[in-house]
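Each chain, written out:
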Amino acid sequence: MAAATALPLAAAATAAPAPQPDIRTLGSSGKEEAAMDIVIPLYDAYEPLDVVGPYEVLAYLPGASVRFVGAEKGPVKDALGSLPTYVPATYSEVEHCDVLLIPGGGSVEAMVADADFLAWVRRIHRRTRFTTSVCTGSLVLGAAGLLKGLTATTHWGGAEALASYGAVYTPQRTVRQGKVITSAGVSSGIDMALTLAALLTDEVTAQAIQLWVEYDPQPPFDSGSLAKASDAVQKRVFELGKESPHNR
């Protein structure tokens, strides 16, 4: 990850830049903030952008520490097969955290089937400031019994499963219900992380992070939701799903 002190591309190579604060350790007040513990559990077949998008945003939070944990220590394979992530600790080693973030992907099937993991999610949730999910990660929160009666979102393909856990599905990108924040499909995790950044610090800091990562989406197509996608696009997405590395 690039350091926040990097020179802008437009700066002259010979220029001597003035020292700049690292936005990962300083708040908008310029004062160093207390440590903030953010935990992201990973299982094999996790969806990479579910993790990397929020991580890129949240790691810049003042005083934040983002930790990856798993059922076991060691490399965890992503859903697409070429981005394994090393997990240095097990989830059982974590007794509490400020933020719990559950990603989605093919990993959800194993997470939901792991009774010990679900018990851990319930236990950790009791003391978090925020419990969050990206994509089908909300199904894990549902399986843990944390979404009963709550409005929540997930990837459109998981809407029916989400409702089966007693949640009220909505296609919104990001939904906050008290300290529970769910986000829809893959890319919406960035929106969720920026929303969370504002709640944990302030809107100016969140906007500064947004500017730093230059998150200014202007997609070349307007087919990013079922409501906008044509019949041809919806047919093609199911065809691609059958050919996807997720199914290998």
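Keep in mind the model is a prediction, meaning the values are calculated, not measured.

The number of helices and strands found in the chain is 8 helices and 11 strands. Within the span of the chain, comprising 248 residues, buried residues form 41% of the whole. For the chain, the proportion of contacts with a sequence separation of at least 24, taken over those separated by at least 6, is 64%. In the structure as shown, the chain presents an accessible area of about 13,100 Å², 55% of it carried by carbon and sulfur atoms.

Moving on to a nonpolar patch on the surface. Among the surface-exposed residues, W156, L226, V237 and F238 lie close enough to one another that they form a single nonpolar patch of about 340 Å² accessible area. Examined against the element boundaries, L226 turns out to sit in the loop between α7 (203–212) and α8 (231–243).

The way to describe two aromatic rings as a pair is by their centre distance and the angle between their planes. Inspection of the entire model under this criterion finds 6 aromatic pairs. Measuring from centroid to centroid gives 5.5 Å for Y55 and F68, while their planes differ by 50°, and the two rings are tilted. On the criterion of sequence distance, the pair formed by Y55 in helix α1 (residues 48–58) and F68 in strand β2 (residues 64–70) is long-range, its members being 13 residues apart. For the pair W156 and F238, a centre-to-centre distance of 5.8 Å together with 80° between the ring planes defines the contact as edge-to-face. Placement of the pair is W156 in the loop between β8 (151–152) and α5 (159–164) and F238 in helix α8, with a sequence separation of 82 residues.

The contact between α1 and helix α6 (residues 188–200) brings their axes to 8 Å, and the two run at 25°. By the criterion of interaxial angle, the relationship of α1 to α6 is roughly parallel. As α1 packs across α6, the resulting crossing turns out to be right-handed. Across the interface between the two elements, G53, P54, V57 and L58 from α1 touch G189, I190, A193, L194 and L196 from α6.

With that out of the way, let us pick up the pairing of strand β7 (residues 130–134). Among the 5 residues of β7, 5 are classified as buried, and the element is accordingly described as predominantly covered. Alternating residues of β7 divide into F130, T132 and V134 and T131 and S133, and every residue in both groups is buried. Relative to β7, strand β6 (residues 99–102) runs parallel, the two sharing 4 bridges. Along β7, the bridge assignment pairs L101 with T132. Here 4 bridges tie β7 to strand β11 (residues 180–183), and the two strands are oriented parallel to one another. Its bridge partner lying in β11, T131 is registered against V180.

So, about the sheet that holds strand β5 (residues 89–90). Judged by pairing direction, the sheet is mixed, and its 7 strands sit side by side in the order β5-β2-β1-β6-β7-β11-β10 without closing on themselves. Bordering the open sheet on either side are β5 and β10 (174–177), each of which pairs with just one other strand. Sitting on the sheet, α1 touches β1 (36–42), β2, β6 and β7, and the angle it makes with β2 is about 155°.

Note that soluble globular proteins tend to have their nonpolar side chains buried in a common cluster. Membership of the largest hydrophobic core comes to 29 residues, with the highest contact counts inside it found for L42, L58, L61, L196 and L200. For this core, the elements supplying multiple residues, two or more each, are β1, α1, β6, β7, α6 and α7. Counting residues per element, this core draws most heavily on α6, which supplies 7 residues. Among the nonpolar cores identified, the runner-up in size contains 26 residues, and V39, C97, L139 and V180 belong to it.

What counts and what doesn't
Residues numbered from 1 in each chain as written. Predicted model: local features only at pLDDT ≥ 70, side-chain atom pairs only at ≥ 80, totals over all residues. Heavy atoms only, no water. Helix = DSSP H or I, 4+ residues; strand = E, 2+ residues; numbered from the N terminus. Buried < 20%, exposed > 50% of the residue type's maximum accessible area, 1.4 Å probe, protein only. Contact = heavy atoms within 4.5 Å. Areas by Shrake-Rupley, 256 points an atom, 1.4 Å probe, with all protein chains shown as cover. Patch = residues over 30% accessible without salt bridge, like charges linked within 9 Å, V, L, I, M, F, W, Y side chains within 5 Å. Salt bridge = Lys/Arg side-chain N within 4 Å of Asp/Glu carboxyl O. Phe/Tyr/Trp six-rings, centres within 6.5 Å; stacked < 30°, edge-to-face > 60°. Axes fitted to C-alpha atoms, helices over the stretch in contact; angles between N-to-C directions. Parallel < 35°, antiparallel > 145°, perpendicular 65-115°, else oblique. Left-handed = near helix turned anticlockwise from the far one by under 90°. Pairing = 2+ DSSP bridges. Core = buried A, V, L, I, M, F, W, Y, C linked by side-chain atoms within 4.5 Å.

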